[in-house]
Amino acid sequence: LKRTDTSETILVAAKKTGALFVLKHIYSTGLAYDKLRNITSSVLPIIYYVSENKAFGVTTVVEEYITGITLVEWMEQRDLEPVNATLAKLIFEQLADGLQKLHAAHIVHRAICPENIMIMSGKVKYIGFDHCTASDDVDKVTLYKGMTGFAAPEQTTSGKADFRSDVYSLGI
């Protein structure tokens, strides 16, 4: 599905059932996937498996395969046609609910942007959790991981991000 300098994402199928899953190898450890696995929300992907190999600096994750398109693709398909207030409210309420659940678990997403929001049949889901952190201390989160144009100012200048940074990004 995707390969970058920091991760590899592969679509895999279960041998017995043929069910599809996303397998990620992220070249980093100390991510929030263990905490994310314990959150139940229709707006967050189901995390089935997480393993960190600190000796090699790799986190392996198996998560739900989400069918749909990104918010960017959805807007392009609409040819930038304005979204009516009812639909905008439906989408925003779902996203705010998911963000609240992340923050209640002390997870900061750090990369909320249209590329990391999937749309499918009036439902939305966050993706792109490779940037997440599970720290309550903003001073411990100093490596910039935001998305240009959507990251909060303090995130782009000092790399520091906390729950307020996610709220800023969602509002943009």
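Residues numbered from 1 in each chain as written. Predicted model: local features only at pLDDT ≥ 70, side-chain atom pairs only at ≥ 80, totals over all residues. Heavy atoms only, no water.

S.K.: With reference to specific residues and values, describe the overall build of the protein.
M.R.: On a plain count of helices and strands, the protein comes out with 5 helices and 8 strands. When the elements of the protein are put in sequence order from the N terminus, they spell out β-β-β-α-β-β-β-α-α-β-β-α-α. A burial count over the protein gives 42% of its 172 residues as buried. Taking the intrachain contacts of the protein between residues at least 6 apart in sequence as the baseline, contacts between residues at least 24 apart amount to 54%. (Helix = DSSP H or I, 4+ residues; strand = E, 2+ residues; numbered from the N terminus. Buried < 20%, exposed > 50% of the residue type's maximum accessible area, 1.4 Å probe, protein only. Contact = heavy atoms within 4.5 Å.)

S.K.: Which residues make up the side chain of Q94, and what are the values?
M.R.: Looking at the secondary structure, you find Q94 in helix α3 (residues 85-104). Setting aside residues no more than four positions away along its own chain, Q94 makes contact with V43, G122, K123 and V124.

S.K.: Summarise the nonpolar core; cite the residues concerned and give the values.
M.R.: Among the nonpolar cores identified, the biggest contains 27 residues, and Y33, L36, L95, L102, I107, Y126 and F129 are the most heavily contacted of them. The set of elements that each furnish at least two residues to this core consists of α1 (33-36), β4 (47-53), α2 (71-77), α3, β7 (117-120) and β8 (123-126). (Core = buried A, V, L, I, M, F, W, Y, C linked by side-chain atoms within 4.5 Å.)

S.K.: For the layout of surface pockets, give the residues involved together with the corresponding values.
M.R.: Considered as a void within the structure, the largest pocket measures approximately 780 Å³ in volume. Lining the largest pocket are 27 residues, and of these K2, T9, K24, I127 and G128 lie nearest its centre. When contributions to the lining of the largest pocket are tallied by element, the ones reaching two or more residues are β2 (7-13), β3 (20-26) and β5 (58-64). Take the lining of the largest pocket: its biggest share by element is 3 residues, from β3. Of the residues that constitute the lining of the largest pocket, the class distribution is 9 nonpolar, 10 polar and 8 charged. In this structure, the second largest pocket spans a volume of roughly 310 Å³. As for the second largest pocket, its lining consists of 17 residues, and the residues nearest its centre are L71, I91, F92, L95 and L170. When residues of the lining of the second largest pocket are traced back to their parent elements, those giving at least two are α2, α3 and α5 (163-171). The element contributing the most residues to the lining of the second largest pocket is α3, with 4 residues. (1 Å grid on protein atoms, 1.4 Å probe; cavity = no way out; pocket = protein on both sides within 12 Å on 5 of 7 lines; lining within 4 Å. Points joined across faces, edges and corners; volume = space filled by probe spheres on them. Nonpolar A, V, L, I, M, F, W, Y, C, P; charged D, E, K, R; others polar.)

S.K.: Please set out the pattern of salt bridges residue by residue, giving values where relevant.
M.R.: In total, this model carries 9 salt bridges according to the counting rule given. In this structure, the salt-bridge partner of K54 is E52, at a minimum N-O distance of 4.0 Å. E52 gets classed as partly exposed once you look at its relative accessible area, which sits at 31%. E93 is the partner of K89 in a salt bridge, and the nearest nitrogen-oxygen pair spans 3.9 Å. Linking K89 with E93, this pair stays in helix α3, spanning 4 residues, or about one helical turn. When salt bridges with common partners are traced through the structure, they connect K24, E63 and D130 into a single cluster. (Salt bridge = Lys/Arg side-chain N within 4 Å of Asp/Glu carboxyl O.)

S.K.: Which residues make up the sheet that holds β7, and what values go with them?
M.R.: Spatially, β6-β7-β8 is the arrangement adopted by the 3 strands of the open sheet, whose pairing is antiparallel. Only two strands of the sheet have a single partner each, and these edge strands are β6 (69-70) and β8. Relative to β7, β6 runs antiparallel, the two being bridged by 2 bridges. The residue of β7 that forms the bridge with T70 is M118. (Pairing = 2+ DSSP bridges.)

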